[in-house]
Amino acid sequence: MKRINESGFGFAEALQAAQQSLDKNKNVLRDYLEARGPGSEEPILFDSESLAILAYKGAIEAVRERYWTTTFLSSGFWCSLNESVLGANLRLLADRERTGASVRRLFLLPVPAGEELQRLQDERMLLRKQQDVEGLARFDQKFANLAENVHELIRHGCDIRIAHGAEQLHPALPAELAFEPGDTEIAIYDNWRFDLFQGGRSGTIESVCGYTPATARFEQNRDRVVEYFERLWAKSQPIGEFLERIRKLIEYSSTRIEYDTSWLVRYDHALPREDEALKVAEFSSVQVELTRLARWGKVRRFLDVGTCTARYPLALREAVRADGDIMAIDNDMDCVRFSQEKVQRESGNDARFKIKCHDFRSTELPSEQKFDLITCMMGTLSHFEHAPWEGHRPPEDALQRAIENFARLLDEEGVLFFTVWTEKACQELRLLGIYTDEDRQRLARTSITRQELQRRLEAAGLRVSTPLLLQDRMDLYRCEWPRP
Ligand SMILES: C[S@@+](CC[C@H](N)C(=O)[O-])C[C@H]1O[C@@H](n2cnc3c(N)ncnc32)[C@H](O)[C@@H]1O
(Lines give C-alpha, C1' and ligand atoms only; values in the text may rest on other atoms or scores of the structure.)
Protein backbone atom coordinates (compact mmCIF):
# COMPACT_ATOMS: atom_id res chain seq x y z
CA MET A 1 0.00 0.00 0.00
CA LYS A 2 2.91 2.28 0.87
CA ARG A 3 4.27 1.78 -2.68
CA ILE A 4 0.87 2.53 -4.21
CA ASN A 5 0.66 5.68 -2.14
CA GLU A 6 4.00 6.70 -3.55
CA SER A 7 2.44 6.72 -7.04
CA GLY A 8 0.79 9.98 -5.98
CA PHE A 9 -2.44 9.32 -7.93
CA GLY A 10 -4.65 9.32 -4.84
CA PHE A 11 -6.00 5.74 -5.01
CA ALA A 12 -4.43 4.44 -1.84
CA GLU A 13 -7.25 5.18 0.59
CA ALA A 14 -9.95 3.76 -1.70
CA LEU A 15 -7.93 0.60 -2.32
CA GLN A 16 -7.32 0.21 1.38
CA ALA A 17 -11.05 0.53 2.17
CA ALA A 18 -11.95 -2.02 -0.54
CA GLN A 19 -9.30 -4.40 0.81
CA GLN A 20 -10.61 -4.02 4.38
CA SER A 21 -14.17 -4.64 3.25
CA LEU A 22 -13.16 -7.79 1.34
CA ASP A 23 -11.05 -9.01 4.27
CA LYS A 24 -14.00 -8.48 6.58
CA ASN A 25 -16.26 -10.61 4.35
CA LYS A 26 -13.58 -13.29 4.05
CA ASN A 27 -13.06 -13.37 7.83
CA VAL A 28 -16.80 -13.78 8.47
CA LEU A 29 -16.88 -16.84 6.19
CA ARG A 30 -13.57 -18.23 7.48
CA ASP A 31 -14.63 -17.91 11.15
CA TYR A 32 -17.88 -19.62 10.31
CA LEU A 33 -16.13 -22.50 8.56
CA GLU A 34 -13.70 -22.95 11.44
CA ALA A 35 -16.22 -22.66 14.27
CA ARG A 36 -19.30 -23.92 12.36
CA GLY A 37 -21.35 -21.26 14.07
CA PRO A 38 -22.34 -17.63 13.61
CA GLY A 39 -19.30 -15.57 14.37
CA SER A 40 -20.46 -12.24 13.01
CA GLU A 41 -22.93 -9.55 13.99
CA GLU A 42 -22.59 -8.11 10.48
CA PRO A 43 -23.85 -9.54 7.17
CA ILE A 44 -21.64 -9.97 4.12
CA LEU A 45 -21.67 -6.58 2.41
CA PHE A 46 -20.93 -5.53 -1.17
CA ASP A 47 -21.36 -1.86 -1.94
CA SER A 48 -20.78 -2.02 -5.68
CA GLU A 49 -23.44 -2.95 -8.22
CA SER A 50 -21.23 -5.33 -10.19
CA LEU A 51 -20.17 -7.30 -7.09
CA ALA A 52 -23.77 -7.36 -5.81
CA ILE A 53 -24.88 -8.90 -9.14
CA LEU A 54 -22.12 -11.51 -9.02
CA ALA A 55 -23.09 -12.41 -5.44
CA TYR A 56 -26.73 -12.66 -6.50
CA LYS A 57 -25.99 -14.80 -9.54
CA GLY A 58 -23.85 -17.10 -7.42
CA ALA A 59 -26.75 -17.63 -5.03
CA ILE A 60 -29.49 -18.31 -7.56
CA GLU A 61 -27.29 -20.85 -9.33
CA ALA A 62 -27.19 -22.83 -6.08
CA VAL A 63 -30.96 -22.66 -5.38
CA ARG A 64 -32.76 -26.00 -5.19
CA GLU A 65 -36.04 -25.34 -3.40
CA ARG A 66 -37.02 -21.73 -3.27
CA TYR A 67 -36.15 -18.39 -4.79
CA TRP A 68 -38.50 -15.67 -3.64
CA THR A 69 -37.81 -12.03 -4.34
CA THR A 70 -39.37 -8.57 -4.23
CA THR A 71 -38.64 -5.75 -6.61
CA PHE A 72 -39.95 -2.34 -7.63
CA LEU A 73 -41.41 -1.25 -10.96
CA SER A 74 -38.55 1.22 -11.22
CA SER A 75 -36.00 -1.61 -11.06
CA GLY A 76 -33.31 -0.96 -13.64
CA PHE A 77 -33.02 -4.70 -14.36
CA TRP A 78 -36.57 -5.47 -15.31
CA CYS A 79 -37.12 -2.26 -17.28
CA SER A 80 -33.95 -2.71 -19.32
CA LEU A 81 -32.88 -5.77 -21.22
CA ASN A 82 -30.13 -6.95 -18.89
CA GLU A 83 -29.08 -10.22 -20.49
CA SER A 84 -26.89 -11.39 -17.64
CA VAL A 85 -29.54 -10.99 -14.90
CA LEU A 86 -32.31 -12.37 -17.12
CA GLY A 87 -30.03 -15.26 -18.19
CA ALA A 88 -29.29 -16.23 -14.56
CA ASN A 89 -33.01 -16.24 -13.80
CA LEU A 90 -33.81 -18.30 -16.89
CA ARG A 91 -31.14 -20.88 -15.96
CA LEU A 92 -32.69 -21.19 -12.53
CA LEU A 93 -36.10 -21.67 -14.15
CA ALA A 94 -34.74 -24.27 -16.56
CA ASP A 95 -33.36 -26.17 -13.55
CA ARG A 96 -36.69 -25.81 -11.82
CA GLU A 97 -38.14 -28.58 -13.97
CA ARG A 98 -35.61 -30.90 -12.34
CA THR A 99 -35.58 -29.45 -8.82
CA GLY A 100 -39.24 -28.37 -8.55
CA ALA A 101 -38.08 -25.12 -6.86
CA SER A 102 -40.67 -22.45 -6.06
CA VAL A 103 -39.76 -19.30 -8.02
CA ARG A 104 -41.73 -16.18 -7.09
CA ARG A 105 -41.18 -12.55 -8.00
CA LEU A 106 -43.28 -9.86 -6.36
CA PHE A 107 -43.41 -6.31 -7.75
CA LEU A 108 -44.12 -3.88 -4.90
CA LEU A 109 -46.31 -0.89 -5.73
CA PRO A 110 -46.25 2.21 -3.50
CA VAL A 111 -50.07 2.61 -3.79
CA PRO A 112 -52.99 0.41 -4.96
CA ALA A 113 -52.75 -0.65 -8.63
CA GLY A 114 -55.52 1.73 -9.83
CA GLU A 115 -53.75 4.75 -8.32
CA GLU A 116 -50.39 3.66 -9.71
CA LEU A 117 -51.90 3.37 -13.20
CA GLN A 118 -53.45 6.84 -12.89
CA ARG A 119 -50.05 8.20 -11.82
CA LEU A 120 -48.34 6.58 -14.81
CA GLN A 121 -51.01 7.99 -17.12
CA ASP A 122 -50.52 11.50 -15.68
CA GLU A 123 -46.76 11.16 -16.13
CA ARG A 124 -47.10 10.11 -19.76
CA MET A 125 -49.70 12.81 -20.53
CA LEU A 126 -47.37 15.41 -19.08
CA LEU A 127 -44.47 14.21 -21.26
CA ARG A 128 -46.74 14.44 -24.29
CA LYS A 129 -47.91 17.96 -23.43
CA GLN A 130 -44.31 19.04 -23.03
CA GLN A 131 -43.55 17.45 -26.41
CA ASP A 132 -40.71 15.61 -24.73
CA VAL A 133 -40.12 13.11 -27.53
CA GLU A 134 -37.13 11.47 -25.87
CA GLY A 135 -38.89 11.23 -22.52
CA LEU A 136 -41.88 9.58 -24.20
CA ALA A 137 -39.65 7.11 -26.03
CA ARG A 138 -37.86 6.25 -22.77
CA PHE A 139 -41.19 5.80 -20.94
CA ASP A 140 -42.59 3.49 -23.64
CA GLN A 141 -39.37 1.51 -24.01
CA LYS A 142 -39.14 0.97 -20.26
CA PHE A 143 -42.57 -0.67 -20.13
CA ALA A 144 -42.07 -2.59 -23.37
CA ASN A 145 -38.89 -4.08 -21.82
CA LEU A 146 -40.65 -4.81 -18.56
CA ALA A 147 -43.47 -6.63 -20.39
CA GLU A 148 -40.98 -8.59 -22.50
CA ASN A 149 -38.90 -9.68 -19.49
CA VAL A 150 -41.94 -10.56 -17.41
CA HIS A 151 -43.54 -12.61 -20.21
CA GLU A 152 -40.27 -14.42 -20.80
CA LEU A 153 -39.98 -15.33 -17.10
CA ILE A 154 -43.65 -16.37 -16.86
CA ARG A 155 -43.26 -18.54 -19.97
CA HIS A 156 -40.48 -20.39 -18.17
CA GLY A 157 -42.53 -21.00 -15.03
CA CYS A 158 -41.85 -17.99 -12.78
CA ASP A 159 -44.84 -16.84 -10.74
CA ILE A 160 -44.94 -13.02 -10.94
CA ARG A 161 -47.39 -10.88 -9.01
CA ILE A 162 -47.98 -7.32 -7.79
CA ALA A 163 -48.83 -6.10 -4.29
CA HIS A 164 -48.87 -2.87 -2.35
CA GLY A 165 -48.75 -1.98 1.33
CA ALA A 166 -45.28 -3.46 2.04
CA GLU A 167 -44.52 -0.53 4.38
CA GLN A 168 -47.32 -1.56 6.74
CA LEU A 169 -45.49 -4.83 7.33
CA HIS A 170 -42.14 -3.22 8.08
CA PRO A 171 -42.73 -2.77 11.83
CA ALA A 172 -42.93 -6.58 12.16
CA LEU A 173 -39.42 -6.95 10.69
CA PRO A 174 -36.34 -7.03 12.96
CA ALA A 175 -35.05 -3.46 13.42
CA GLU A 176 -31.45 -4.64 12.86
CA LEU A 177 -32.31 -5.35 9.19
CA ALA A 178 -33.00 -1.61 8.71
CA PHE A 179 -35.63 -1.97 5.96
CA GLU A 180 -36.11 1.28 4.07
CA PRO A 181 -39.59 1.97 2.67
CA GLY A 182 -39.57 2.08 -1.13
CA ASP A 183 -35.90 1.18 -1.27
CA THR A 184 -35.13 -2.27 0.20
CA GLU A 185 -35.69 -5.34 -1.98
CA ILE A 186 -35.27 -8.90 -0.73
CA ALA A 187 -34.19 -12.23 -2.16
CA ILE A 188 -34.59 -15.50 -0.28
CA TYR A 189 -32.52 -18.48 -1.43
CA ASP A 190 -33.78 -21.83 -0.13
CA ASN A 191 -33.16 -21.77 3.62
CA TRP A 192 -29.49 -20.87 3.65
CA ARG A 193 -29.34 -17.22 2.67
CA PHE A 194 -31.36 -14.09 2.23
CA ASP A 195 -30.21 -10.78 0.74
CA LEU A 196 -31.34 -7.22 1.28
CA PHE A 197 -30.66 -4.92 -1.66
CA GLN A 198 -30.57 -1.15 -1.28
CA GLY A 199 -31.26 1.23 -4.16
CA GLY A 200 -34.78 0.29 -5.34
CA ARG A 201 -35.80 3.95 -5.09
CA SER A 202 -33.31 4.98 -7.75
CA GLY A 203 -33.76 1.82 -9.84
CA THR A 204 -30.22 0.58 -9.20
CA ILE A 205 -28.43 -1.70 -6.77
CA GLU A 206 -26.40 0.49 -4.43
CA SER A 207 -25.38 -2.32 -2.11
CA VAL A 208 -26.37 -5.78 -0.95
CA CYS A 209 -26.25 -7.32 2.52
CA GLY A 210 -26.18 -11.13 2.47
CA TYR A 211 -27.36 -12.95 5.61
CA THR A 212 -26.29 -16.58 6.12
CA PRO A 213 -25.81 -18.96 9.04
CA ALA A 214 -22.48 -17.16 9.47
CA THR A 215 -24.45 -14.15 10.75
CA ALA A 216 -25.87 -13.96 14.26
CA ARG A 217 -29.62 -14.62 14.65
CA PHE A 218 -29.84 -15.79 11.04
CA GLU A 219 -32.71 -18.29 11.49
CA GLN A 220 -34.95 -15.86 13.43
CA ASN A 221 -34.32 -13.04 10.95
CA ARG A 222 -34.83 -15.32 7.92
CA ASP A 223 -38.14 -16.60 9.31
CA ARG A 224 -39.39 -13.04 9.78
CA VAL A 225 -38.36 -12.10 6.24
CA VAL A 226 -40.09 -15.22 4.87
CA GLU A 227 -43.21 -14.33 6.86
CA TYR A 228 -43.11 -10.77 5.44
CA PHE A 229 -42.91 -12.16 1.91
CA GLU A 230 -45.74 -14.66 2.52
CA ARG A 231 -48.04 -12.00 3.94
CA LEU A 232 -47.46 -9.79 0.89
CA TRP A 233 -47.90 -12.75 -1.47
CA ALA A 234 -51.23 -13.62 0.17
CA LYS A 235 -52.66 -10.24 -0.84
CA SER A 236 -51.03 -10.02 -4.27
CA GLN A 237 -52.51 -10.34 -7.77
CA PRO A 238 -50.99 -11.79 -10.96
CA ILE A 239 -49.10 -9.10 -12.89
CA GLY A 240 -50.67 -9.85 -16.30
CA GLU A 241 -53.71 -7.57 -16.08
CA PHE A 242 -51.62 -4.72 -14.66
CA LEU A 243 -49.18 -4.87 -17.61
CA GLU A 244 -52.08 -5.01 -20.05
CA ARG A 245 -53.51 -1.86 -18.46
CA ILE A 246 -50.14 -0.12 -18.82
CA ARG A 247 -50.11 -1.09 -22.50
CA LYS A 248 -53.61 0.35 -22.90
CA LEU A 249 -52.80 3.57 -21.06
CA ILE A 250 -49.84 4.14 -23.37
CA GLU A 251 -52.10 3.58 -26.38
CA TYR A 252 -54.82 5.83 -24.91
CA SER A 253 -52.53 8.66 -23.88
CA SER A 254 -50.91 8.64 -27.33
CA THR A 255 -54.17 9.65 -28.99
CA ARG A 256 -56.25 11.49 -26.39
CA ILE A 257 -56.94 15.22 -26.74
CA GLU A 258 -54.64 17.29 -24.53
CA TYR A 259 -55.99 20.22 -22.57
CA ASP A 260 -53.16 22.59 -21.75
CA THR A 261 -53.58 25.75 -19.68
CA SER A 262 -53.87 28.08 -22.67
CA TRP A 263 -56.71 25.92 -24.10
CA LEU A 264 -58.48 26.10 -20.72
CA VAL A 265 -58.18 29.89 -20.55
CA ARG A 266 -59.50 30.22 -24.10
CA TYR A 267 -62.36 27.83 -23.29
CA ASP A 268 -63.37 30.03 -20.35
CA HIS A 269 -62.83 33.48 -21.87
CA ALA A 270 -62.13 33.51 -25.60
CA LEU A 271 -64.38 31.14 -27.52
CA PRO A 272 -65.65 32.06 -30.99
CA ARG A 273 -69.10 33.67 -30.68
CA GLU A 274 -71.02 30.64 -31.96
CA ASP A 275 -69.32 28.35 -29.41
CA GLU A 276 -69.87 30.77 -26.55
CA ALA A 277 -73.57 30.84 -27.45
CA LEU A 278 -73.62 27.03 -27.43
CA LYS A 279 -72.08 27.00 -23.95
CA VAL A 280 -74.75 29.44 -22.73
CA ALA A 281 -77.58 27.52 -24.41
CA GLU A 282 -76.42 24.24 -22.93
CA PHE A 283 -76.15 25.65 -19.40
CA SER A 284 -79.46 27.51 -19.44
CA SER A 285 -81.28 24.39 -20.67
CA VAL A 286 -79.92 22.40 -17.71
CA GLN A 287 -80.85 25.22 -15.34
CA VAL A 288 -84.40 25.40 -16.71
CA GLU A 289 -84.82 21.61 -16.46
CA LEU A 290 -83.60 21.51 -12.84
CA THR A 291 -86.02 24.29 -11.94
CA ARG A 292 -88.88 22.62 -13.79
CA LEU A 293 -88.18 19.35 -11.97
CA ALA A 294 -88.20 21.29 -8.66
CA ARG A 295 -84.61 20.22 -7.94
CA TRP A 296 -82.99 23.65 -7.83
CA GLY A 297 -81.59 24.29 -4.32
CA LYS A 298 -82.43 20.73 -3.24
CA VAL A 299 -79.58 18.68 -4.74
CA ARG A 300 -77.74 16.72 -2.02
CA ARG A 301 -74.86 15.25 -4.00
CA PHE A 302 -73.70 16.53 -7.39
CA LEU A 303 -71.05 14.91 -9.62
CA ASP A 304 -69.58 16.58 -12.73
CA VAL A 305 -67.67 14.23 -15.08
CA GLY A 306 -64.97 15.73 -17.36
CA THR A 307 -65.13 19.01 -15.46
CA CYS A 308 -62.36 20.71 -17.49
CA THR A 309 -62.51 24.23 -15.94
CA ALA A 310 -65.14 23.49 -13.22
CA ARG A 311 -67.72 25.47 -15.19
CA TYR A 312 -70.68 23.36 -14.08
CA PRO A 313 -69.68 22.82 -10.43
CA LEU A 314 -69.38 26.59 -9.98
CA ALA A 315 -72.41 27.57 -12.04
CA LEU A 316 -74.66 24.98 -10.34
CA ARG A 317 -73.48 25.51 -6.77
CA GLU A 318 -76.76 27.36 -5.95
CA ALA A 319 -78.66 24.25 -7.00
CA VAL A 320 -76.94 22.26 -4.25
CA ARG A 321 -77.98 22.35 -0.58
CA ALA A 322 -75.75 24.19 1.86
CA ASP A 323 -74.88 20.86 3.54
CA GLY A 324 -74.50 19.04 0.20
CA ASP A 325 -71.47 17.79 -1.74
CA ILE A 326 -70.08 18.85 -5.11
CA MET A 327 -67.60 16.46 -6.68
CA ALA A 328 -65.86 17.17 -10.00
CA ILE A 329 -63.57 14.74 -11.79
CA ASP A 330 -61.27 14.88 -14.79
CA ASN A 331 -58.47 12.59 -15.92
CA ASP A 332 -56.21 15.44 -17.02
CA MET A 333 -54.10 16.79 -14.14
CA ASP A 334 -53.90 20.25 -15.76
CA CYS A 335 -57.72 20.45 -15.75
CA VAL A 336 -57.82 19.28 -12.13
CA ARG A 337 -55.27 21.87 -10.98
CA PHE A 338 -56.89 24.64 -13.04
CA SER A 339 -60.32 23.79 -11.57
CA GLN A 340 -59.01 23.58 -8.01
CA GLU A 341 -57.45 27.04 -8.27
CA LYS A 342 -60.54 28.50 -9.91
CA VAL A 343 -62.90 27.04 -7.29
CA GLN A 344 -60.63 28.32 -4.52
CA ARG A 345 -60.62 31.78 -6.11
CA GLU A 346 -64.34 31.97 -6.82
CA SER A 347 -65.85 30.12 -3.89
CA GLY A 348 -63.28 30.67 -1.12
CA ASN A 349 -63.74 28.17 1.64
CA ASP A 350 -66.88 26.48 0.35
CA ALA A 351 -66.29 23.03 1.87
CA ARG A 352 -68.79 21.34 -0.46
CA PHE A 353 -66.30 21.17 -3.36
CA LYS A 354 -64.01 18.23 -4.04
CA ILE A 355 -62.08 18.08 -7.32
CA LYS A 356 -60.07 15.03 -8.18
CA CYS A 357 -58.22 13.25 -10.90
CA HIS A 358 -60.13 10.18 -12.04
CA ASP A 359 -60.49 8.33 -15.31
CA PHE A 360 -64.19 7.74 -15.87
CA ARG A 361 -63.52 4.97 -18.38
CA SER A 362 -62.24 2.70 -15.63
CA THR A 363 -64.42 0.26 -13.70
CA GLU A 364 -63.36 1.88 -10.42
CA LEU A 365 -65.83 4.54 -9.29
CA PRO A 366 -64.78 8.00 -8.10
CA SER A 367 -67.01 7.68 -5.02
CA GLU A 368 -68.68 4.92 -3.01
CA GLN A 369 -71.78 7.06 -2.51
CA LYS A 370 -74.49 7.82 -5.07
CA PHE A 371 -75.45 11.21 -6.54
CA ASP A 372 -78.81 12.80 -7.16
CA LEU A 373 -77.37 15.02 -9.91
CA ILE A 374 -74.74 13.98 -12.47
CA THR A 375 -73.57 16.13 -15.39
CA CYS A 376 -71.17 15.33 -18.24
CA MET A 377 -71.26 18.33 -20.53
CA MET A 378 -70.01 19.95 -23.73
CA GLY A 379 -69.56 16.67 -25.55
CA THR A 380 -67.37 14.99 -22.91
CA LEU A 381 -69.09 11.66 -23.65
CA SER A 382 -67.72 11.94 -27.19
CA HIS A 383 -64.25 11.41 -25.66
CA PHE A 384 -65.05 7.80 -24.74
CA GLU A 385 -64.07 5.39 -27.52
CA HIS A 386 -66.65 2.89 -28.70
CA ALA A 387 -66.62 -0.23 -30.85
CA PRO A 388 -69.36 -1.17 -33.30
CA TRP A 389 -72.39 -2.84 -31.70
CA GLU A 390 -72.62 -6.30 -33.24
CA GLY A 391 -74.26 -8.82 -30.88
CA HIS A 392 -77.26 -8.63 -28.54
CA ARG A 393 -75.39 -6.86 -25.79
CA PRO A 394 -73.51 -3.54 -26.18
CA PRO A 395 -69.75 -4.00 -26.61
CA GLU A 396 -67.61 -3.71 -23.49
CA ASP A 397 -65.91 -0.48 -24.58
CA ALA A 398 -65.03 2.78 -22.83
CA LEU A 399 -68.36 4.41 -23.77
CA GLN A 400 -70.42 1.57 -22.33
CA ARG A 401 -68.27 1.50 -19.18
CA ALA A 402 -68.90 5.22 -18.72
CA ILE A 403 -72.66 4.73 -19.22
CA GLU A 404 -72.66 1.86 -16.72
CA ASN A 405 -70.72 4.02 -14.27
CA PHE A 406 -73.44 6.70 -14.57
CA ALA A 407 -76.02 4.03 -13.72
CA ARG A 408 -73.96 2.73 -10.77
CA LEU A 409 -73.57 6.26 -9.40
CA LEU A 410 -77.07 7.62 -10.01
CA ASP A 411 -79.33 7.72 -6.97
CA GLU A 412 -82.86 6.22 -7.27
CA GLU A 413 -84.30 9.73 -7.50
CA GLY A 414 -81.32 11.13 -9.37
CA VAL A 415 -81.10 12.88 -12.74
CA LEU A 416 -78.27 12.70 -15.26
CA PHE A 417 -77.61 15.32 -17.96
CA PHE A 418 -75.10 15.02 -20.75
CA THR A 419 -74.51 16.37 -24.24
CA VAL A 420 -73.02 14.73 -27.33
CA TRP A 421 -72.08 16.24 -30.66
CA THR A 422 -74.71 15.37 -33.27
CA GLU A 423 -73.86 13.21 -36.28
CA LYS A 424 -74.33 16.28 -38.47
CA ALA A 425 -71.91 18.41 -36.43
CA CYS A 426 -69.39 15.57 -36.65
CA GLN A 427 -69.80 15.24 -40.41
CA GLU A 428 -69.37 19.01 -40.91
CA LEU A 429 -66.63 19.16 -38.23
CA ARG A 430 -68.59 21.93 -36.46
CA LEU A 431 -67.12 21.14 -33.05
CA LEU A 432 -65.50 23.70 -30.73
CA GLY A 433 -63.47 26.14 -32.80
CA ILE A 434 -60.54 26.03 -30.39
CA TYR A 435 -59.87 22.34 -31.00
CA THR A 436 -57.12 21.67 -33.53
CA ASP A 437 -58.18 20.16 -36.88
CA GLU A 438 -56.70 16.85 -35.81
CA ASP A 439 -58.65 16.86 -32.53
CA ARG A 440 -61.88 17.78 -34.31
CA GLN A 441 -61.38 14.82 -36.65
CA ARG A 442 -60.56 12.57 -33.75
CA LEU A 443 -63.73 13.62 -31.90
CA ALA A 444 -65.83 13.33 -35.02
CA ARG A 445 -64.75 9.70 -35.40
CA THR A 446 -66.46 8.91 -32.08
CA SER A 447 -69.81 10.14 -33.44
CA ILE A 448 -72.70 7.85 -32.51
CA THR A 449 -76.29 7.67 -33.78
CA ARG A 450 -79.17 8.67 -31.53
CA GLN A 451 -80.62 5.17 -31.82
CA GLU A 452 -77.45 3.44 -30.70
CA LEU A 453 -76.90 5.82 -27.80
CA GLN A 454 -80.50 5.26 -26.70
CA ARG A 455 -80.03 1.44 -26.84
CA ARG A 456 -76.81 1.67 -24.86
CA LEU A 457 -78.47 3.79 -22.13
CA GLU A 458 -81.43 1.42 -21.98
CA ALA A 459 -79.07 -1.57 -21.78
CA ALA A 460 -77.73 0.04 -18.57
CA GLY A 461 -81.33 0.25 -17.31
CA LEU A 462 -81.72 4.04 -17.67
CA ARG A 463 -84.82 5.85 -18.94
CA VAL A 464 -84.01 8.47 -21.58
CA SER A 465 -86.12 11.51 -22.47
CA THR A 466 -86.21 12.81 -26.03
CA PRO A 467 -82.97 14.77 -26.48
CA LEU A 468 -83.07 18.52 -26.89
CA LEU A 469 -81.27 19.79 -29.97
CA LEU A 470 -78.96 22.76 -29.31
CA GLN A 471 -77.86 24.95 -32.24
CA ASP A 472 -78.21 21.93 -34.53
CA ARG A 473 -74.85 20.78 -33.13
CA MET A 474 -75.48 19.10 -29.81
CA ASP A 475 -78.03 16.79 -28.25
CA LEU A 476 -78.81 17.36 -24.59
CA TYR A 477 -79.94 14.14 -22.89
CA ARG A 478 -81.73 13.71 -19.58
CA CYS A 479 -81.79 10.26 -17.97
CA GLU A 480 -83.39 8.88 -14.84
CA TRP A 481 -84.31 5.49 -13.40
CA PRO A 482 -87.60 4.15 -14.77
CA ARG A 483 -90.53 4.91 -12.47
CA PRO A 484 -92.20 1.77 -11.07
C1 LIG B 1 -64.95 19.42 -23.60
S2 LIG B 1 -64.15 19.27 -22.12
C3 LIG B 1 -65.50 19.37 -20.99
C4 LIG B 1 -66.01 20.69 -20.67
C5 LIG B 1 -66.82 20.79 -19.41
N6 LIG B 1 -67.55 19.59 -19.08
C7 LIG B 1 -67.79 21.92 -19.58
O8 LIG B 1 -68.95 21.65 -19.92
O9 LIG B 1 -67.41 23.06 -19.42
C10 LIG B 1 -63.85 17.54 -21.98
C11 LIG B 1 -63.19 17.16 -20.65
O12 LIG B 1 -63.30 15.77 -20.44
C13 LIG B 1 -62.11 15.32 -19.84
N14 LIG B 1 -61.99 13.89 -20.08
C15 LIG B 1 -61.71 13.25 -21.24
N16 LIG B 1 -61.66 11.94 -21.06
C17 LIG B 1 -61.93 11.73 -19.74
C18 LIG B 1 -61.98 10.57 -18.92
N19 LIG B 1 -61.76 9.37 -19.44
N20 LIG B 1 -62.26 10.69 -17.60
C21 LIG B 1 -62.46 11.92 -17.07
N22 LIG B 1 -62.40 13.06 -17.79
C23 LIG B 1 -62.13 12.97 -19.10
C24 LIG B 1 -61.05 16.14 -20.55
O25 LIG B 1 -59.82 16.13 -19.85
C26 LIG B 1 -61.71 17.49 -20.62
O27 LIG B 1 -61.43 18.25 -19.49
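Considerations on the overall build of the chain
Point 1. Secondary structure assignment for the chain yields 18 helices and 16 strands.
Point 2. At 29 Å, the chain has a C-alpha radius of gyration far larger than the 23 Å of a compact globule built from 484 residues.
Point 3. Overall, the chain is about 90 × 55 × 45 Å in size when its C-alpha atoms are taken along their principal axes.
Point 4. Across the 484 residues in the chain, those meeting the buried criterion constitute 52%.
Point 5. Considering only contacts in the chain between residues 6 or more positions apart, those separated by 24 or more positions represent 74%.
Point 6. Split by element, the accessible area of the chain, about 23,600 Å² in all, is 51% carbon and sulfur.
Point 7. Charge-centre separation for the chain: the mean point of 67 positive side chains lies 2 Å from the mean point of 79 negative side chains.

Here's the deal with the site of the ligand
Point 1. Neighbouring the ligand are 23 residues; Tyr 267, Gly 306, Arg 311, Asp 330 and Asp 359 lie closest to it.
Point 2. Gly 306 is positioned with one of its backbone polar atoms (N or O) 2.8 Å from a nitrogen atom of the ligand.
Point 3. Between the ligand and Met 377, the relevant distance is 3.2 Å, taken from a nitrogen atom to a main-chain nitrogen or oxygen of the residue.
Point 4. Bound to the protein, the ligand loses 100% of the 600 Å² it would expose on its own.
Point 5. Classifying every residue of the shell around the ligand gives 11 nonpolar, six polar and six charged.

Some details on the environment of Gln 340
Point 1. Residue position: Gln 340 is located in helix α14 (residues 333-347).
Point 2. Residues Gln 340 and Lys 356 lie 16 residues apart in sequence; the distance between their C-alpha atoms is 8.6 Å.

Here we look at the packing of helix α5 (residues 83-99) against helix α7 (residues 133-155)
For any two helices packed against each other, one specifies the crossing angle of their axes together with the interaxial distance.
Point 1. Contact geometry of α5 with α7 gives a least axis separation of 10 Å together with a crossing angle of 15°. Considering their axes alone, α5 and α7 lie roughly parallel with respect to each other. Our pair here, α5 against α7, has a crossing hand that is right-handed. Each of Leu 86, Asn 89, Leu 90 and Leu 93 in α5 lies in contact with α7, whose residues at this interface are Asn 149, Glu 152 and Leu 153.
Point 2. Split into classes, the residues belonging to the contact of α5 with α7 amount to four nonpolar, two polar and one charged.

Some details on the sheet that holds strand β7 (residues 207-211)
Point 1. Taking strand neighbours across the sheet as the criterion, the eight strands line up as β1-β7-β6-β5-β2-β3-β4-β8 in an open arrangement whose pairing is mixed. With partners counted over all chains shown, the strands left at the sheet margins are β1 (44-46) and β8 (237-238), one partner each.
Point 2. Relative to strand β3 (residues 102-109), α5 is tilted by about 140°, and along the sheet it contacts β2 (66-72) and β3.

Some words on the domain arrangement of the chain
Point 1. The domains assigned to the chain are domain 1 (1-26), domain 2 (37-255) and domain 3 (261-480).
Point 2. In this structure, domain 2 and domain 3 have C-alpha centres spaced 42 Å apart.
Point 3. Each partner contributes residues to the interface: domain 2 has 10 residues there, and domain 3 has 11 residues.
Point 4. Each partner contributes to the roughly 880 Å² buried at the junction of domain 2 and domain 3, and carbon and sulfur atoms together form 36% of this total.
Point 5. When the buried surface of domain 2 facing domain 3 is broken down by residue, Gln 118, Lys 129 and Tyr 252 rank first, second and third, together holding 46% of it.
Point 6. Summed over the shared surface of domain 2 and domain 3, the result is three salt bridges.
Point 7. With its nearest N and O atoms 2.6 Å apart, the salt bridge here joins Asp 332 to Lys 129.
Point 8. Linking domain 2 with domain 3 are six residue pairs in polar contact (both at pLDDT 80 or more).
Point 9. If you list the elements that add at least two residues to the side of domain 2 that touches domain 3, you get α6 (113-129) and α10 (240-255).
Point 10. Here the residues of the side of domain 2 that touches domain 3 are counted per class, giving two nonpolar, four polar and four charged.

Basis of the calculations
Residues numbered from 1 in each chain as written. Predicted model: local features only at pLDDT ≥ 70, side-chain atom pairs only at ≥ 80, totals over all residues. Heavy atoms only, no water. Helix = DSSP H or I, 4+ residues; strand = E, 2+ residues; numbered from the N terminus. Rg over C-alpha atoms; globule rule 2.2 N^0.38 Å. Buried < 20%, exposed > 50% of the residue type's maximum accessible area, 1.4 Å probe, protein only. Contact = heavy atoms within 4.5 Å. Areas by Shrake-Rupley, 256 points an atom, 1.4 Å probe, with all protein chains shown as cover. Lys, Arg positive; Asp, Glu negative; His and termini not counted. Charge placed at Lys NZ, Arg CZ, Asp CG, Glu CD. Near = heavy atom within 4 Å. Polar contact = N/O pair within 3.5 Å; in protein donor to acceptor, adjacent residues only side chain to side chain. Nonpolar A, V, L, I, M, F, W, Y, C, P; charged D, E, K, R; others polar. Axes fitted to C-alpha atoms, helices over the stretch in contact; angles between N-to-C directions. Parallel < 35°, antiparallel > 145°, perpendicular 65-115°, else oblique. Left-handed = near helix turned anticlockwise from the far one by under 90°. Pairing = 2+ DSSP bridges. Domains from an automatic or database assignment. Buried area = accessible area lost by both parts, 1.4 Å probe. Salt bridge = Lys/Arg side-chain N within 4 Å of Asp/Glu carboxyl O.

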